[in-house]
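Descriptive analysis of the structure
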Amino acid sequence: LFKQSEFRTHAFTFNILPDGADDAKKIIEMFRLLRATMLPAMDKHGFYLIYPAEYSLTYMYKNSPNKHVSAIGTCVLDDMQVSYGGQDFVVFEAGGTGIPAEFSLSLKFKEITPITADRVVQDGL
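Once a new chain begins, its residue numbering starts again from 1 and follows that chain's sequence as written. Selection of residues for local features in this predicted model requires a pLDDT of at least 70, selection of side-chain atom pairs for listing and counting requires 80 or more, and totals for whole chains, interfaces and linings are taken over all residues. The side-chain figures draw on all heavy atoms in the structure; neither hydrogens nor water molecules are used.

1. Points about the pattern of salt bridges
Close approach of charged atoms allows side chains with opposite charge to pair. Stated formally: Whenever Lys or Arg places a side-chain nitrogen within 4 Å of a carboxyl oxygen from Asp or Glu, that contact is recorded as a salt bridge. Starting at the N terminus, helices and strands are each numbered in turn, a helix being any DSSP run of H or I of at least four residues and a strand any DSSP run of E of at least two.
In total, this model carries two salt bridges according to the counting rule given. Put simply, Glu111 and Arg8 hold a salt bridge, and the shortest N to O gap is 2.7 Å. One end of the pair, Glu111, is in strand E7 (residues 103–111); the other, Arg8, is in the segment before strand E1 (9–16), and 103 residues separate them in sequence.

2. Looking at the nonpolar core
Put simply, the rule reads: Remark: nonpolar core denotes a set of buried residues (Ala, Val, Leu, Ile, Met, Phe, Trp, Tyr, Cys) joined through side-chain atoms within 4.5 Å. Relative accessibility under 20% of the residue-type maximum defines a buried residue, over 50% an exposed one, and the middle range a partly exposed one, all with a 1.4 Å probe and only protein chains included. Only heavy atoms matter for contacts: two residues are in contact if any of them lie within 4.5 Å across the pair.
Counting 22 residues, the largest nonpolar core has Phe31, Met80 and Leu105 as its most contacted members. Counting only elements with at least two residues in this core, the list comes to E1, helix H1 (21–37), strand E6 (75–84) and E7. Tallying contributions element by element places H1 first for this core, with six residues. Sequence-distant contacts of Leu105, that is, excluding residues within four places in its chain, are made with Phe12, Thr13, Phe14, Ile16, Met30, Phe31, Leu34, Met80, Gln81 and Val82.

3. Looking at the sheet that holds E6
Here is the rule we go by: DSSP calls a pair of strands paired once it identifies at least 2 bridges connecting them. Note on geometry: axes are C-alpha line fits, over the in-contact stretch for helices, and angles between N-to-C directions span 0 to 180 degrees.
Reading across from one edge, E1-E7-E6 is the order of the three strands in this open sheet, with antiparallel pairing throughout. Each end of this open sheet is capped by a strand with a single partner; those strands are E1 and E6. When strand polarity is set aside, the average angle formed by the axes of neighbouring strands in this sheet is 15°. In the sheet, E6 pairs with E7 via nine bridges, with the strands oriented antiparallel. Counted as the bridge partner of Val76 is Lys110 from E7.

4. Describing unusual backbone geometry
Phi is positive for Lys62, close to 50°, though the residue is something other than glycine. Tracing the backbone shows Lys62 in the loop between strand E4 (60–61) and strand E5 (64–65). Lys62 gets classed as exposed once you look at its relative accessible area, which sits at 68%. Here Asn63, not a glycine, exhibits a phi torsion of approximately 65°, which is positive. Position of Asn63 among the secondary structure elements: in the loop between E4 and E5. Of the residues examined, Asn63 reaches a relative accessible area of 77% and is grouped as exposed.

Geometric descriptors of this kind do not, in isolation, establish any biological role.
Shown next as structure tokens:
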């Protein structure tokens, strides 16, 4: 018997090599912003949780959506993992800060709307 549609997940891994310590600082800030968007926030009175950010992801080819790859529905960032320094932990010496010279970022997004047959035909999901 049919019970329910499963919500699809989409995983992406990026190896990031900053140009220098200043670039690495910007990348670390980007990680903080991503982490913040995956978590609920408190309302201004501190009583209720506000839903995390929603993402719209699109596979692109030459400035247009790639029609040969299944589309991705609206999703939330479900998991984020960051590895610092690479296989051999290497840091930038600039300023003696020890900022890593390499990062690996893994993101897992989960769709928040069920996929139905009509959405596959109409939206390419």
